[in-house]
Amino acid sequence: MRRLIFFGGAGFLLLFALSFVKPASAASSTMYTWTPSKLYKTASGAAYSRNVNSGTAVTVYSKSGKRYKVKAGGKTGYIYADNLTRSKVKKEDYFGSKIYKQAAGGPYVASVPAGKMMYIKMEATKNGMYLAHVIGTGYSGYVYKTHFIKPVVKYTWMPSKLYTSATGNSYNKTIKDGQKVSVFNGSHGRYQVKAGNSSGYIYANNLTGLLAKKTVYASSKLYTSSSHTKYTAVIRPNQQVYVKESSQNMSHICVVGTAQSGWIYTSHFTKPAPAAGGTTSTTTGTSQTGSSTAGGKTTGTATGSTSGSASGTTGSAAATSGTTTTGNTGSGSASGTTATGNTGSGSASGTTTTGNTGSGSASGTAATGNTGSGSASGTTTTGSAGSATASATTTKGLDVSHYQTLTQDSFNLMKSQGYNFVILKATEGSGYTDSKFYTYYKYARNAGLSVHAYHMIGNSTTTSAQHIAEAKHFYQVLAQTKAKTGYAFTGYAFEDIEPTGTNSITTTWWANAAPACAGYFLNEMQTLGQAKVGIYAGYFNWKSYLEGHTDSWPSNTKIWLARYNITLGTNADVWQYTETGTIDGITGHFDLDISYDPDF
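Residues numbered from 1 in each chain as written. Predicted model: local features only at pLDDT ≥ 70, side-chain atom pairs only at ≥ 80, totals over all residues. Heavy atoms only, no water.

A. A look at the overall build of the chain. Summing up its helical and strand segments, the chain has eight helices and 47 strands in all. Buried positions account for 41% of the 600 residues belonging to the chain. Within the chain, contacts between residues separated by at least 24 positions form 53% of all contacts whose residues are at least 6 apart in sequence. Summed over all atoms, the accessible surface of the chain reaches about 29700 Å², with 50% contributed by carbon and sulfur. (Helix = DSSP H or I, 4+ residues; strand = E, 2+ residues; numbered from the N terminus. Buried < 20%, exposed > 50% of the residue type's maximum accessible area, 1.4 Å probe, protein only. Contact = heavy atoms within 4.5 Å. Areas by Shrake-Rupley, 256 points an atom, 1.4 Å probe, with all protein chains shown as cover.)

B. Summary view of unusual backbone geometry. For N127, which is not glycine, the phi torsion reads 50 degrees and is therefore positive. Considering the arrangement of structural elements, one finds N127 in the loop between β11 (116–126) and β12 (129–134). On the basis of relative accessible area, N127 is assigned to the exposed category, the value being 53%. Positioned with a positive phi, S504 is a non-glycine residue whose angle comes to about 60 degrees.

C. Structural view of the nonpolar core. Residues L398, F411, M414, V422, F437, L478 and W509 are the most contacted members of the largest nonpolar core, which totals 53 residues. Among the elements that take part in this core, helix α7 (residues 514–528) stands out by supplying six residues, more than any other. Non-local contacts of L478, meaning those with residues more than four positions away in its chain, are made with A426, F437, A453, F489, A493, M525 and Q530. (Core = buried A, V, L, I, M, F, W, Y, C linked by side-chain atoms within 4.5 Å.)

D. Looking closely at the pairing of strand β4 (residues 57–64). Where strand β1 (residues 29–33) meets β4, four bridges bridge the pair, whose relative direction is antiparallel. Across the sheet, the residue bridging to T30 is T59, located in β4. Between β4 and strand β5 (residues 67–72), which pair antiparallel in sequence order, lie two residues; one of them, G65, sits at a positive phi of approximately 65 degrees. (Pairing = 2+ DSSP bridges.)

E. Expanded view of the pattern of salt bridges. Under the criterion given, the structure shown has three salt bridges. E428 is paired through a salt bridge with K425; the nearest N and O atoms lie 2.7 Å apart. Judged by relative accessible area, K425 falls into the buried class, the value being 6%. Between E547 and K543 there is a salt bridge; the shortest N-O distance is 2.9 Å. (Salt bridge = Lys/Arg side-chain N within 4 Å of Asp/Glu carboxyl O.)

F. Structural context of the pairing of strand β47 (residues 586–595). Note: strand β39 (residues 395–400) against β47, five bridges, orientation antiparallel. Counterpart to L398 in the pairing with β47 is L592. Bridging between strand β46 (residues 574–583) and β47 involves six bridges; their strand directions are antiparallel. In the strand pairing of β47, W575 is matched with I594.

G. Representation of helix α3 (residues 437–446) within the structure. Among all positions in α3, only F437, Y438, Y440, Y441 and A444 are buried. Looking straight down α3, one finds its buried side chains confined to an arc of 165 degrees; they lie on one side. The elements touched by buried residues of α3 are β39, α2 (408–416), β40 (419–428), β42 (450–456), α4 (464–479) and α5 (481–485). G448 occupies a position one or two residues after α3 and carries a positive phi of about 90 degrees. (Arc of directions from axis to C-beta.)

H. Layout of α2. Looking at α2, one finds that the buried residues are Q408, S410, F411 and M414. One face of α2 carries all of its buried residues, which in axial projection span an arc of 160 degrees. Away from its buried face, by an angle of more than 90 degrees, α2 presents the exposed residues D409 and S416. In the core, the buried residues of α2 are packed alongside β39, β40, α3, β46 and β47. A positive phi of about 95 degrees marks G418, the residue just after α2.

I. Structural detail: the side chain of K154. The residue K154 is located in strand β14 (residues 152–156) in this model. Although K154 is buried, it forms no salt bridge, and the closest oppositely charged side chain is E245 at an N-O distance of 11 Å. Not counting residues within four places of it along the chain, the set of residues in contact with K154 comprises Q179, K180, V181, V183, Y191, L207, T208 and G209. (Lys, Arg positive; Asp, Glu negative; His and termini not counted.)

Okay, here's the thing in structure tokens:
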């Protein structure tokens, strides 16, 4: 009897204990909301009990349809599976991003500035993009992964185009040399960068990690490579340059404020010591009113004005041979003199005069930015107001395309600032027409400018058919100018021969086919009826591959060369001397040109 009672008691106790054991649940795990989420009451209904913030840890029990059963902050309910991620990842957007609806790009829901923090759904990487939520906002969508990588600081050591893509030819602006940029990633030889508030792509070769600015103290040939076999220009002493790298006693440099780049001897950065036993003297800023004599000896005296009249002259002045006069008021004569910022008139032999007001005569003189009238022999006059007679006359111009945003007022400003001609991009390849050609042609003609056009070569094939097809396309566009603008096309039609991202021009093509291909194009243009034709090329390619091989070209072909240097250094009809020029009152940079041909 006791035995039965014992076992009965034990069984009762066992059953009593089992009644207090917690029932088994489905396996659970921790996940995180990467975007704000609703905690639904059921697996399929629309009713919900609360909102769950992004970045919240939840306990997940099971999946039912598209929702997980979860426990969040003591409440149980259902959250969409797509709203959960297994790792809580919080990242900073260093670049500033568009929040795209799809991983393929296209439409976007918002644009956020750099510095925004986001929660990332790590499982949802697609096409190089993260599925992300901008913390503290209602924005969720796809963002480029590279925007979350902290950028590297680099510098432009030479002027650089800010391209809109990693491969195309379109660019928004030109970044000046010596500018700091934030580098995010690279592909196809270009880096994705931010420069100030602008973003785009810059060629990797145009950037450097450390920027050194130095002065060149000796006249230096600018070589094309560190092997110093060929050079394109000579840099004058006291020029400042940015140095990218050094190798074999040579330094890779760009002349500050220009697009001139190449290699020079590193030793030319060493300032020379003064000659032993010599005396160094400097005369700066001599100011004279009335009459005075410098150095006890004069090579001529002028009272009022000499050889060309000037009003508003004060007194008279005489200057010695080999004298530098700066900021003077009056008039004077000098031999071997540099005169800057002077008011009055004078005569000079071997003189450089800059920014002067008045009139004068000069032999072998370069006069820049002067106001008044005078006569000169062998003189180059640039940006002068008034009148001057000169042999070897030059005129100012520029070339533009749809990359510049211009109005009628822009072209009026060009004309008022002494520009006489403009060369507009019209076509490229056998089918592309510049979207602004007809608009800019009309603006330019309205402003009284002489207008010419250029065609960008679109294909480096060596057969004639392609180049003839491109000439026909160019001609047809020019032939419609009268109908489109009210003005007939009366200028020169140039073929622009230079490598682009699409025409596949190589050194082999230059060496073996360039002259003949240019001949196909130019001759077809004249056959069609365009009598005035020309070629545009870089100085190096002209000297290396085209010059001396023009027998198949029309005899009247004009030559337009690009060389960003202090001199052109060869014969040509038009010289493009910079791609970073500026015009007062107009935003952006321009290719500026000088013509030596009276037809322009």
